Amino acid sequence: MHVTIFGTGYVGLVSGTCLAEVGHDVVCVDIDQRKIDGLEAGVIPIYEPGLEPMVRANHAAGRLKFTTDAAAAIAASEVVFIAVGTPPDEDGSADLQYVLAVARTIGRHLQAPAIVVDKSTVPVGTADKVRDAIAAELAARGVDIAFDVVSNPEFLKEGAAVEDCMRPDRIVLGTSSPASIERLRRLYAPFNRNHDRIVAMDVRSAELTKYAANAMLATKISFMNEIAGIAEKVGADIEQVRKGIGSDPRIGWHFIYPGAGYGGSCFPKDVQALARTAVQHGHEPTLLDAVESVNDRQKRHLFELAVRHYGGAAALRGKTIALWGLAFKPNTDDMREASSRRLVQQLWDAGARVRAYDPEAREEARRIFGDRDDLVLCDSAGDALQGADALVVITEWKQFRSPDFAQIRARLGDGVLFDGRNLYEPADVEAAGIAYWGIGRGRSIRPE
Ligand code: UDX
């Protein structure tokens, strides 16, 4: 099938590449000429495992094209995806200007009946606005072309985006048109073998499904962080508690890891946007507000542990803190809403210096922080420890999982480790003569 995708960000680029991989003819459109030129030359703007060779192979095979020419792409397509960004507005609601600009562009250039698919995470009611925007442009042209707007939210995770896209656990299609479902069923057939993953529903339910999924996952994390806070106070170990509850299939093992708070481009933005939608429709989002405020507190927690360890923020002045990890999670260079950013700022405000190492996010960190005297972006985990007083682990990259604690001790001035992801056994760390602070690991482990 002939497909156009608007937006070459995470969702657009990964979805377009996967659709090309299974044999569809895909044109990715972006207004950013530099990005398009780069993609045509095989330069992938994001780090995502497996994506680069797939983009290159499909591009070379002629199934995946990149252009800024929206008119030609729309004219040749039977399915048009909208996968542009929906950044938060000042009040936290999703800013739809890019989505609606694409809708108008579609209306201006549509030549034959087509299905327009919303893949961007958009508030409930957006499909109607997209439909109105397209219809208004068609009316202005004086033409009558049939089209349907379908909500088809994307559930891919950064770092596993290609895998998630090639092997989706569900394909949500929101529309009241059986014909659209049938057409999209054909489009997705290569991803839908063995058992049917298509969940068809009305358009508003599909739009809400995406937010509900992300808000539920964010809630699980904030819940565990809340319990971790209690564990710290009552002298319990959250890691034992996690094991004690995860085996209940109604709770499950996933997304119950306490840590330095959730970040990324989805959870913080989507929880806020859903809360805004609730308020706009007269529902008080008590739980969503709490999820967000727990996460906000959690992002400040590592700094508070450091303050406790040193007996006050003033003691951090002049100290050098090694940071392992900058990205909001492993296998990505993405630092949007990363907990590391809050911590680094707090350390600087307290007069400390930072030596940071992240396997992928170094360039991103340079772009975000710029050149500063109080920041060294290091080439290796060992390098970050040089001359450092303390080590903070904030992203759970695999390579940080089993370090040589004796070597760490030899390099660390104050011999203290703050484990923002509970990667280590406190006893192993302490056996090497390093003081250990984790998340929710009890007063019995580090008395106040
Ligand atoms: C998320 C959803 O998982 C995905 O389905 C949706 O399409 C987009 O949003 P992503 O933002 O890529 O994906 O990251 P995810 O792996 O879900 O992690 C989000 C954050 O939560 C990370 O900062 C991670 O460190 C944190 N997290 C995750 C925890 O703190 N504890 C956990 O148990 C799980």
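Quantities reported herein were computed from a predicted structural model and do not represent experimental measurements.

1. Focus: the UniProt feature "active site" (unreviewed entry) in the chain
- When the UniProt feature table is mapped onto this chain, "active site" (unreviewed entry) is found at Cys266.
- Locating cysteine 266 in the fold gives a position in the loop between helix 10 (238-246) and helix 11 (267-280).

2. Section: the environment of alanine 410
- Within the secondary structure, alanine 410 sits in helix 17 (residues 405-411).
- Considering only alpha carbons, one finds alanine 410 and leucine 385, 25 residues apart in sequence, at a separation of 9.6 Å.

3. Considerations on the site of the ligand
- Lining the immediate environment of the ligand, one finds 19 residues, of which Glu158, Tyr257, Tyr262, Gly264 and Cys266 sit closest.
- For the shell around the ligand, the element with the highest residue contribution is helix 9 (residues 203-234), accounting for 3 residues.
- Tallied by class, the residues present in the shell around the ligand amount to 11 nonpolar, 4 polar and 4 charged.
- Shared between two domains, the shell around the ligand takes at least three residues from each, and those domains are domain 1 (2-201) and domain 2 (202-448).

4. Observations regarding the sheet that holds strand 12 (residues 390-393)
- Spatially, 6 strands are ordered 11-10-9-12-13-14 in an open sheet, and the strand pairing comes out parallel. Among the strands making up the open sheet, the edge pair consists of strand 11 (375-377) and strand 14 (435-437). Sheet twist, expressed as the average angle between the axes of neighbouring strands with direction ignored, equals 20°.
- With 3 bridges connecting them, strand 10 (residues 353-357) and strand 11 associate as parallel partners. Its bridge partner being in strand 11, alanine 356 is matched across the sheet by leucine 377.

5. What to know about the domain arrangement of the chain
- Under the domain assignment used here, the chain contains domain 1 (2-201) and domain 2 (202-448).
- Look at where the C-alpha atoms of domain 1 and domain 2 centre, and you get two points 33 Å apart.
- Listed as interface residues are 25 residues of domain 1 and, on the opposing side, 25 residues of domain 2.
- Going through the elements one at a time, helix 6 (126-141) and strand 7 (171-174) are the ones with two or more residues in the side of domain 1 that touches domain 2.
- If one sorts the elements of the side of domain 1 that touches domain 2 by residue count, strand 7 sits on top with 3 residues.

What counts, and where the lines are drawn
Residues numbered from 1 in each chain as written. Predicted model: local features only at pLDDT ≥ 70, side-chain atom pairs only at ≥ 80, totals over all residues. UniProt positions renumbered as here; feature names shortened; annotations may be inferred. Helix = DSSP H or I, 4+ residues; strand = E, 2+ residues; numbered from the N terminus. Near = placed C-beta within 6 Å. Nonpolar A, V, L, I, M, F, W, Y, C, P; charged D, E, K, R; others polar. Domains from an automatic or database assignment. Pairing = 2+ DSSP bridges. Axes fitted to C-alpha atoms, helices over the stretch in contact; angles between N-to-C directions. Contact = placed C-beta atoms within 7 Å.

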